Structures are given as structure tokens and as C-alpha cells.
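Okay, here's what each chain looks like letter by letter:
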Amino acid sequence: MLNLSNFPSLTSLTLSHLWNRDYDVEHHRFHVRTEDGVRIAGIHLNRRDSETLTLYVHGFMSNKNHRAVPGFVQALSNLFDVMAIDLRGHGESGGGCTMGAREVLDIEATVQYARSLGYRRVITIGSSMGGASVIRHAAIYGTQDGVVTIGAFADPQEIGPPATDYGLQLLYTTGAVGDWLSYLVRGTRLDALHAHESPLELVGNIAPIPLLLIHGEWDYTVHPTAAQRLYDAANEPKELVIVPRTGHDLPLLTQATANRIQEWVRRHDLEVPDAGYEMREAG
């Protein structure tokens, strides 16, 4: 496998700019360093100036600026303070993608950064691979207060036939061809697929942290049965929402989903009331 992980800034050599979108509201850029030394880039929207933060974690071959992501992050920022990061191997972050194995380190570094700013409640929200990653992170670290997934897979072995959107098998099994294809098309750098426990094996360890699983009825990349299996393996408190006539990941990144998350957060008493709280800006 080629080592493209040292070139996160060479986006001018890729086609990723065709899908990337800017943010329309004020935000602050930040960087954190993971336990294994990877530099993770993120943005912070503290429009609510509250003590509750939502952390959005994107999917495979996406990033914090990809297509519907900025709009969804901004939709969340109407309701909560928000951070969004580029997982390792994506966007402006270093390292290489491990399909959820080491991405937990990226999430943990960001959660700890959020805590250092004074946030009393941190809700992790992940799409697809990001959803699998927030499940694994919650089970291993338990440092957030709520977990939301959107189109998360239960086991990485269940996705990736060449007919799917991602063609995961193609990218990870063709060596240099897959490395260059993922890099040139989306700016994504691949690492090896490290052995790790799947989200399905770990989801039972999340409780008592509340878990909300959101999945599209017409998701052909990660079938809705994956969400049902995760739900069945999880312990209370848990909730499963199958959204009718909706596909995988990006179509669910809407204000309606943000509103659904807010309602769930309030039902589980995860939202700290605003009380003239002063937050340091992310640098």
C-alpha cells in the first residue's frame, strides 16, 4: 500500500474540490493531536454559546466540507454548539483511513478538546463509517454523553461489494490502484485495515450512554438490517428510527434530522440550559 498519508494538503491534485462546500456562518478552525500522533483538523461553530456540544463525524471518502455536510453542521448549529472534524486520511487531517479501527482516537482527542473548552455535555453524531466509529468510541472510552448514528454499518465486512457506492473491496484490495483512485477522486488516503472489534461486537457496552440509531429505508450501501442488528445488540437506553423512502447517509443530513436529534437530546436530559455561559473560542 502506498504511503499517501503524509500529503493531506495536496487537495489541488485531487477532484475533491468538486464536491466540497464552504460554510456560510462564522466558525473557528482548530487542530488536535491524537494519541498516536495524527494531526486532526476541525471547525467549531459556537453560535449558541451553550454548555452542550454536538460533534459531527463524517463517513468514508467524505470530510467536513463534503456536499451536504456543511449544511447539516450549520443546521445543528441552529440548535447546539457544533464541532466537525476531518477523520484521519480525509480532508485536511493527516494519517490514513482505517475504516473505524483507529478513528476512535480522532474522536477522543476532539472530545477532550471540547471538554477543555468547558462543555459539560458532548453528543457524538456519526454518519456511515463515522457512525461505526462513534459506536466504537463510546464503547471503548465512554467520554461522551450521547451517541447518534446515521447509516452506520454493524460490521465493515458487510459493505463494499463493487456494486455499492463505495466499492470498498476494490479500493482496499487492488493495492496502488485503489490508493491512487481514492486519493485522486476524493482526496482520501488509505491505511491498512487493522484488525478490530466491530461496532456490532461493542455496541452492547455503550449503555448507560443513550444511543439513537437513524437509518434510511432505501439504504443500499448499508442495509437497514444493520441498524436493526445494532439495535438488538445494544442495551437500554436505545432508539431506532428507520426513515421512509431515504437512502444512505447524505440524504439524511437535513434540518429535519437535526430537529429529531434535538428532540431526542431533550427527552434524555442531555441539553444543558443556556445560562449566560462564556465559552472560549477555538483557536
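Up top you'll find the structure we're talking about.
### Re helix α8 (residues 255-267)
So, step 1. Here α8 spans 18 Å end to end across 13 residues, near enough to the 18 Å set by a 1.5 Å rise per residue.
So, step 2. Of all the positions in α8, only Thr 257, Ala 258, Ile 261, Gln 262, Trp 264 and Val 265 are classed as buried. Along the axis of α8, the buried residues cluster in a sector spanning 165°; they form a single face.
So, step 3. Check the buried side of α8 and you find it contacts α1 (69-77), β5 (121-127), β6 (146-150), β7 (211-216) and β8 (238-243).
So, step 4. One or two steps after α8, the chain reaches Asp 269, where phi turns positive at roughly 55°.

### Things to note about the environment of Met 61
So, step 1. Note on placement: Met 61 falls in the loop between β3 (52-57) and α1.
So, step 2. The sequence separation of Met 61 and Met 129 amounts to 68 residues, and the corresponding C-alpha distance is 9.4 Å.

### A closer look at the side chain of His 137
So, step 1. Position of His 137 among the secondary structure elements: in helix α3 (residues 129-140).
So, step 2. For His 137, a relative accessible area of 0% translates into the label buried.
So, step 3. Of the polar contacts made by the side chain of His 137, one reaches the side chain of Gln 144; its length is 2.9 Å.
So, step 4. With near-sequence residues (within four places) excluded, His 137 lies in contact with Val 104, Ile 107, Glu 108, Val 111, Gly 142, Thr 143 and Gln 144.

### Describing the packing of helix α2 (residues 103-116) against α3
So, step 1. Running from N to C, α2 and α3 point in directions that differ by 70°, and their axes come no closer than 9 Å. In terms of orientation, α2 and α3 fall into the roughly perpendicular class. In terms of crossing hand, the pair formed by α2 and α3 is right-handed. Contacts from Glu 103, Val 104, Ile 107, Glu 108 and Val 111 of α2 reach α3 at Met 129, Ser 133, Val 134, Arg 136 and His 137.
So, step 2. Looking at the contact of α2 with α3, its residues break down into five nonpolar, two polar and three charged.

### Brief notes about the environment of Glu 239
So, step 1. Of note, Glu 239 is situated in strand β8.
So, step 2. Remark: the alpha-carbon pair of Glu 239 and Trp 264, spanning 25 residues in sequence, is separated by 9.1 Å.
So, step 3. Dropping the residues within four chain positions of it, Glu 239 is found in contact with Leu 211, Leu 212, Leu 213, Tyr 231, Trp 264 and Arg 267.
So, step 4. Separated by 2.7 Å, the side chains of Glu 239 and Arg 267 make a polar contact.

The rules behind the values
- Residues numbered from 1 in each chain as written.
- Predicted model: local features only at pLDDT ≥ 70, side-chain atom pairs only at ≥ 80, totals over all residues.
- Heavy atoms only, no water.
- Helix = DSSP H or I, 4+ residues; strand = E, 2+ residues; numbered from the N terminus.
- Expected span 1.5 Å × (residues − 1).
- Buried < 20%, exposed > 50% of the residue type's maximum accessible area, 1.4 Å probe, protein only.
- Arc of directions from axis to C-beta.
- Contact = heavy atoms within 4.5 Å.
- Polar contact = N/O pair within 3.5 Å; in protein donor to acceptor, adjacent residues only side chain to side chain.
- Axes fitted to C-alpha atoms, helices over the stretch in contact; angles between N-to-C directions.
- Parallel < 35°, antiparallel > 145°, perpendicular 65-115°, else oblique.
- Left-handed = near helix turned anticlockwise from the far one by under 90°.
- Nonpolar A, V, L, I, M, F, W, Y, C, P; charged D, E, K, R; others polar.

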